[in-house]
Amino acid sequence: MADNSSSVEIVEGCRLPVLRKNQEHEDEWPLAEILSVKEVSGRKLYYVHYIDFNKRLDEWVTGDRLDMKKLQFPKKEAKTPTKNGLSGSRPSSPEREVVSERTETQIPDPTLPKKQRKSLDLNPQSATAPSRGKTLPTPKRKVETVPLVPQVPPAPPVPSIPSSAEASQAAVFPAIRETNTFKAREDHDQLTSLTTNGTARRLIPAQPGRKRKANCGGTDEMIKVLQYNKPQSASVFLPPPEDSQDSSDGIPTAPRMTGSLVSDRSHDDIITRMKNIECIELGRHRLKPWYFSPYPQELTALPILYLCEFCLKYLKSLKCLQRHLTKCNLRHPPGNEIYRKGTISFFEIDGRKNKNYSQNLCLLAKCFLDHKTLYYDTDPFLFYVMTEYDSKGFHIVGYFSKEKESTEDYNVACILTLPPYQRRGYGKLLIEFSYELSKVEGKTGTPEKPLSDLGLLSYRSYWSQTILEILMDLKPDNGERPQITINEISEITSVKKEDVISTLQYLNLINYYKGQYILTLSEEIVDGHEKAMQKRHLRIDPKCLHFTPKDWSKRGKW
C-alpha cells in the first residue's frame, strides 16, 4: 500500500483507512483524516486523526500504513447564491458528507418570511446527487439540519411560542436567531450529551409565571428505606416527578460555554488539532503529551522539553535545566500547605500571587486536557496542587483549579492527574479533596461542564461510591424504616442535588412500583460497592485539613 502513496499525492483533508493496533494488539483499519504531511530524510510522514477516536491517539504514520484503495479526497464546497443574497454550501458528495466534521449547514431563520426560509432550506443539496425535485430537500441534509427533533416530545403550548416546526427548532437550537450556521458535527456532539438512554431532552424556554424545579422529584420529601429479609437488599421510595420535562439526569441540558477555562471549539484550527510537543521531562518522569499546548514555538521543535518539577519553568536543554536547578530554591509548590497526611500534601496557590507558576501549570495541564482552553489571566483562580513527598522534595502528582467566585456552584474548573500517577487512586483523592473544601465552605459543589471522558468516569465512580456508602449506612430507627431526603444526602456529601439524582439513574437503581418511584439496592450492586471500597486505600482525613475559606466577594481585586 505504500507504493500507491507515491503515485497518488495525499493532501491535507484526505480520508482513508489507517492501520493501527487496538487494545488487544490486533490489527484494525479505522477511518482517519490526514491533518498534515511532512518529509523527513526523504520519507513522507502523515499526521492522522482517527475518526470517532479520542485526539490523544493521533499520531504520525508512514505511507505503508495507509490503505490507498479507499482514499477519499476533500471535496470543495461550491457556494451558490440564494434569493435573499445569502450564500449556501453544497458538498459535492453525499458519501463524503457523512464522515465530514467541517460541514456547515444553513438553518432557516424563523424571523425571515416563509419564502426566504424555504429557499434557505432547499439550498444545501448535493451538487452531483441526482435531482429529487425542486420542493424536496436531500434526506441526509434534512437529518443534519435538525438531528434529534423526531425523538423530542412535543412541548406544552405556550402563548408566546408558536407550536410549529420553527418553535421546536428554536427549542433544540436556542441560538438560531443569532446565527444561521453551525458546525453539524460539533452541535451534534452537544446534543447527544443531553441523552442518557438514547432519547433526547429538549431545551425548554422559560415560561412566565411558572417556577421549575431543578430535579425530578421533591427533594425535601422523606425517602423511606425498606430492609428486606436479606440484609444486602433495600428499597428507597421516591415521590413521583412533578415535571417530566426537567432534565432527569441532573446534568445541565447544555454545556456552559462561558466562564473559567471551557473551550467552545470555535477556535479549532489545523494547528491546535495537532500535538506540538514530542516529549516532556519532568523530574524522574518522561511524559508523552496527548494534545496541543501553546508553549513557545521555538521549543516545540525540540525532541525533549525540560521542566523544573518544582517551579514548572520550561527550558530548552538538560544543561539549562541543571543550571536552573542550582538557582531554584523551591522544593515544593509555592503557596500554603493546607493538608498533609503521610507523604501526600496539598498546596493552595493563588493565581494572582503566583502568576508565573500558575501559567506554567496551565501550559503543562493543556498537554493532557483537550476540552479546556488556556487563559493567561490566572487571577480569578485558585489552584490546589497534590504532591508526593520524598527526600528530594514535594513532587507534583496532580492538581485541580477552581474559580474564586463561581455563580453556578462550581467547585472544580480543571482537574488532572499526571499520566505517571494515573490508575492509582489519586484522581478520586483529588475529587474527594474538592468536596472536603466545599464542606468546610458550607456549600454544595459540582465540576464545571463539559467533563473529559476520563474525568466523567472518575466523577461517576466517586459519586456512586459516596452515595451508596450513605444509603448502606442507614440504620432502622426504633424499629421503623430509616428515612432520608435527597437534600440530606447532598448536605452530607456536598454533592449537588442534580448530581445525586443523575448518579441514582446512572446506577439504574430507580424503578416504578405501585405508582411510586423506588430505588432498589440489589446484592450485585452492594457486592460491587464493597469490592470497590476495599481497593480504595487513599482517603482524605478531614482532621488533617487546615483550611479557612475566604469571602472573595468582599475583596475588590482579590
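Please read these numbers as outputs of a predicted model, since none were measured by experiment.

1. What about the sheet that holds strand 22 (residues 414-417)?
- Ordered in space as 17-18-19-20-22, the five strands form an open sheet in which the pairing is antiparallel. The open sheet terminates on both sides in strands that have one partner only, identified here as strand 17 (336-341) and strand 22. For this sheet, the mean inter-axis angle between neighbouring strands, taken without regard to orientation, is 20°.
- In this structure, strand 18 (residues 344-350) lies alongside strand 19 (residues 381-390), joined through seven bridges in antiparallel fashion. In the strand pairing of strand 19, Ser-345 is matched with Thr-387.
- Against the sheet, helix 9 (residues 355-366) contacts strand 18, strand 19, strand 20 (393-403) and strand 22, and its axis sits at roughly 80° relative to strand 19.

2. Details of the UniProt feature "active site" (unreviewed entry) in the protein chain
- As recorded in UniProt, the sites labelled "active site" (unreviewed entry) are Glu-448.
- Its place among the elements puts Glu-448 in the loop between strand 23 (446-447) and helix 11 (453-472).

3. So, the pattern of salt bridges
- As enumerated under the stated definition, the model contains 19 salt bridges in all.
- Between Arg-20 and Glu-28 there is a salt bridge, with its nearest N and O atoms 2.6 Å apart.
- For Arg-20, a relative accessible area of 14% puts it in the buried group.
- According to the relative accessible area criterion, Glu-28 is partly exposed, its value standing at 22%.
- A salt bridge links Lys-341 to Asp-541, with the shortest nitrogen-to-oxygen separation between them at 3.6 Å. You can see Lys-341 sitting in strand 17 and its partner Asp-541 sitting in the segment after helix 14 (523-535), a full 200 residues away along the chain.

4. Re the pairing of strand 22
- Along strand 22, one buried face is formed by Cys-414 and Leu-416 and the opposite face, lined by Ile-415 and Thr-417, is buried too.
- Here strand 20 pairs with strand 22 via four bridges, running antiparallel. Looking at the pairing, Phe-400 lines up with Ile-415 of strand 22.

5. Looking at the layout of surface pockets
- Approximately 790 Å³ is the volume attributed to the second largest pocket.
- Taken together, 29 residues form the lining of the second largest pocket, with Tyr-47, Trp-60, Lys-275, Asn-276 and Ile-277 sitting closest to its centre.
- Those elements that provide at least two residues to the lining of the second largest pocket are strand 4 (31-40), strand 5 (43-50), strand 6 (59-62) and helix 7 (297-300).
- Its residues placed into classes, the lining of the second largest pocket shows 16 nonpolar, four polar and nine charged.

The rules behind each value
Residues numbered from 1 in each chain as written. Predicted model: local features only at pLDDT ≥ 70, side-chain atom pairs only at ≥ 80, totals over all residues. Heavy atoms only, no water. Pairing = 2+ DSSP bridges. Helix = DSSP H or I, 4+ residues; strand = E, 2+ residues; numbered from the N terminus. Axes fitted to C-alpha atoms, helices over the stretch in contact; angles between N-to-C directions. Contact = heavy atoms within 4.5 Å. UniProt positions renumbered as here; feature names shortened; annotations may be inferred. Salt bridge = Lys/Arg side-chain N within 4 Å of Asp/Glu carboxyl O. Buried < 20%, exposed > 50% of the residue type's maximum accessible area, 1.4 Å probe, protein only. 1 Å grid on protein atoms, 1.4 Å probe; cavity = no way out; pocket = protein on both sides within 12 Å on 5 of 7 lines; lining within 4 Å. Points joined across faces, edges and corners; volume = space filled by probe spheres on them. Nonpolar A, V, L, I, M, F, W, Y, C, P; charged D, E, K, R; others polar.

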